[in-house]
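In case you want the letters, here they are:
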Amino acid sequence: MIHILEHTLSHTIEDSVKLLPFLFFTYLLMELLEHTTGGKVQNKIKNAGKVGPLWGGLLGIMPQCGFSAAASSLYAGRVITVGTLLAVFLSTSDEMLPIFISEAVAPATIVKILAAKVCIAIISGFLAELVFKKKEKDMDIHVVCEEEHCSCEDGVLKSALKHTFKIFAYILLITFMLTFVIEMIGEDHLAVVFQDIPVVGEMIAALVGLIPNCASSVVITELYLSGIIGAGAMMSGLLVNAGVGLLVLFRLNRNWKQNAGIMAALYGFGVVWGVIIELLGIVF
């Protein structure tokens, strides 16, 4: 038990510390927009939502789970739209790329998978814009600050630091709890849920992918490389694997129905695209 706790704590700190630069620069940007522009720049960014999903899909593919956390923070302040947020979520995928590289997967295969994720993310982001656009309400960046009770009148830098460490502490706690549970269950047991259930493989993979922990992307990627699951289930699981992005979304965006809708859309897109890939017999 002590060994598991030590291992869990080590992984939790290692994974969470990587997020700090992304969180800090995101909140610094938000504070600068709020304190120096009077909302003018914010409105311009919001109006750029027409191409937001394009940039979200392209930037989200970078092998850094911090992008999803940053996107959630920006969405909570309505600096970006829901379509852009979903594009980032669908494009990013935690540990997939490092594992592919370490397992010496052919570069052409990696490029195909990454390209597929980007295209799916962009298309889905634009579709989400059509569905969610009329349901979204305007929110000032400062609302995030007020709800977090972080005394933003202290100045841009100090306010950004307060936001960063409050969210970092939250991520650290939740990540530790999830990692501990997965360590107790074991990744091998988690992998069993994919076996002998080929019909609902995409649905199961997407459910596992929703777990905001790097272990989920590791399990899905390894199962695909070992031939236990196909390209469709692999894509379903990795499309919804937004890292800690969902955690940050539920922490900062207090509209739980809206958050549930975004998570449902993420899951739905992941399953549907996985099924399409499987039906078309696409291999990477």
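Please refer to the structure higher up on the page.
Residues numbered from 1 in each chain as written. Predicted model: local features only at pLDDT ≥ 70, side-chain atom pairs only at ≥ 80, totals over all residues. Heavy atoms only, no water.

### With respect to the overall build of the protein
Line of reasoning, step 1. Looking only at helices and strands, one finds 16 helices and zero strands in the protein.
Line of reasoning, step 2. By the burial criterion, 52% of the 284 residues in the protein qualify as buried.
Line of reasoning, step 3. In the protein, once contacts between residues fewer than 6 apart in sequence are set aside, the share between residues at least 24 apart is 82%.
Line of reasoning, step 4. Just so you have it, the protein exposes about 13,300 Å², and 70% of that area is on carbon and sulfur atoms. (Helix = DSSP H or I, 4+ residues; strand = E, 2+ residues; numbered from the N terminus. Buried < 20%, exposed > 50% of the residue type's maximum accessible area, 1.4 Å probe, protein only. Contact = heavy atoms within 4.5 Å. Areas by Shrake-Rupley, 256 points an atom, 1.4 Å probe, with all protein chains shown as cover.)

### Brief notes about the side chain of Ser 72
Line of reasoning, step 1. Relative to the helices and strands, Ser 72 is located in helix 5 (residues 66-76).
Line of reasoning, step 2. At 2.6 Å, the side chain of Ser 72 and the backbone oxygen of Gly 245 are in polar contact.
Line of reasoning, step 3. Apart from residues no more than four positions distant in its own chain, Ser 72 is found in contact with Leu 85, Phe 89, Gly 245, Leu 246, Val 248 and Leu 249. (Polar contact = N/O pair within 3.5 Å; in protein donor to acceptor, adjacent residues only side chain to side chain.)

### Regarding the packing of helix 14 (residues 231-239) against helix 16 (residues 256-279)
Line of reasoning, step 1. Two numbers describe how helix 14 lies on helix 16: the axes approach to 7 Å, and their chain directions differ by 160°. Regarding the angle of helix 14 to helix 16, the classification is roughly antiparallel. As for how helix 14 packs across helix 16, the hand of that crossing is right-handed. Between helix 14, through Ala 231, Gly 232, Ala 233, Met 235, Ser 236 and Leu 239, and helix 16, the contact on the second element is made entirely by Leu 266, Gly 270, Val 271, Trp 273, Gly 274, Ile 277 and Glu 278.
Line of reasoning, step 2. The residue makeup of the contact of helix 14 with helix 16, split by class, is eight nonpolar, four polar and one charged. (Axes fitted to C-alpha atoms, helices over the stretch in contact; angles between N-to-C directions. Parallel < 35°, antiparallel > 145°, perpendicular 65-115°, else oblique. Left-handed = near helix turned anticlockwise from the far one by under 90°. Nonpolar A, V, L, I, M, F, W, Y, C, P; charged D, E, K, R; others polar.)

### A word on the packing of helix 8 (residues 107-132) against helix 14
Line of reasoning, step 1. Running from amino to carboxyl end, helix 8 crosses helix 14 at an angle of 55°, the nearest separation of the two axes being 11 Å. Between helix 8 and helix 14, the angle is such that the two are oblique. Crossing of helix 8 over helix 14 shows right-handed handedness. Counted together, Ile 113, Ala 116, Lys 117 and Ile 120 of helix 8 and Met 234, Met 235, Leu 238 and Leu 239 of helix 14 form the full contact between these two elements.
Line of reasoning, step 2. Along the lines of polarity and charge, the residues of the contact of helix 8 with helix 14 split into seven nonpolar, no polar and one charged.

### Brief notes about helix 15 (residues 245-252)
Line of reasoning, step 1. A large share of helix 15 lies buried, amounting to seven of its eight residues.
Line of reasoning, step 2. Buried within helix 15 we find Gly 245, Leu 246, Leu 247, Val 248, Leu 249, Phe 250 and Leu 252.

### Description of a nonpolar patch on the surface
Line of reasoning, step 1. The grouping of Val 51, Leu 54, Trp 55, Leu 58, Leu 59 and Phe 126 at the surface amounts to a nonpolar patch, some 530 Å² of accessible area in total.
Line of reasoning, step 2. A per-element tally of the nonpolar patch places helix 4 (residues 52-60) first, with four residues.
Line of reasoning, step 3. With respect to the helices and strands, Trp 55 occurs in helix 4. (Patch = residues over 30% accessible without salt bridge, like charges linked within 9 Å, V, L, I, M, F, W, Y side chains within 5 Å. Salt bridge = Lys/Arg side-chain N within 4 Å of Asp/Glu carboxyl O.)

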